[in-house]
Amino acid sequence: MVFLIMLGVGIACGLPIWLINAFVPAVSIVGTLLLIALYFFMIVYFMVSMNTLFYNNLSIADHSFETNINMVDLSKVILINIGLIIVTLGLYLPAARVRMTKYLCQHNRLECRRFAG
């Protein structure tokens with residue numbers, strides 16, 4: 001379902017932008033930037049949806065997981081990481097991975113239930 005939503009958004013928004021770029025070359029830079037923003041939005045949406053779907057349906061015996069990842073915070077982490085990786089010419093990459101993992105771990109929770117005994 002998530003893939004179909006992404007496909008529909010990509011076609012519904014990407015096709016008009018592409019048509020404008022094809023027939024009005026003067027605004028091709030703006031159209032390209034809009035397509036980059038659209039694809040970034042779709043990638044973040046996919047990451048949030050898949051993590052939410054996975055962790056909210058994961059359980060071990062009587063224990064379950066919950067996640068409260070949202071698109072705004074994840075976008076901030078990704079954009080800051082990308083910016084710092086570019087500025088440091090890739091030297092920030094290990095720290096960016098740690099920062100992303102830290103964000104994901106902070107927004108996941110294990111719901112433990114008492115054992116009946």
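Details of the structure are given in the entry above.
Residues numbered from 1 in each chain as written. Predicted model: local features only at pLDDT ≥ 70, side-chain atom pairs only at ≥ 80, totals over all residues. Heavy atoms only, no water.

Undergrad: Help me get a handle on unusual backbone geometry, residues and values and all.
TA: Phi is positive for A61, which is not a glycine, with a value near 55°. Position of A61 relative to the elements: it lies in the loop between β1 (59-60) and β2 (63-67). For L89, which is not glycine, the phi dihedral falls at a positive 55°. Mapping L89 onto the fold places it in the loop between α3 (71-87) and α4 (93-106). (Helix = DSSP H or I, 4+ residues; strand = E, 2+ residues; numbered from the N terminus.)

Undergrad: Quick rundown of α3? Include the residues and the values.
TA: With 17 residues, α3 ought to run about 24 Å at 1.5 Å a step, and its terminal C-alpha atoms sit 24 Å apart, in line with that. Three or more residues of α3 are buried, namely L74, S75, V77, I78 and N81. Angular distribution of buried residues about the axis of α3 spans 165°; they occupy a single face of the element. Turned more than 90 degrees from where α3 packs its buried face, V72, I86 and V87 sit exposed. In this structure, the buried residues of α3 make contact with α2 (28-56) and α4. Where α3 terminates, the next one or two residues include L89, which has phi positive at roughly 55°. (Expected span 1.5 Å × (residues − 1). Buried < 20%, exposed > 50% of the residue type's maximum accessible area, 1.4 Å probe, protein only. Arc of directions from axis to C-beta. Contact = heavy atoms within 4.5 Å.)

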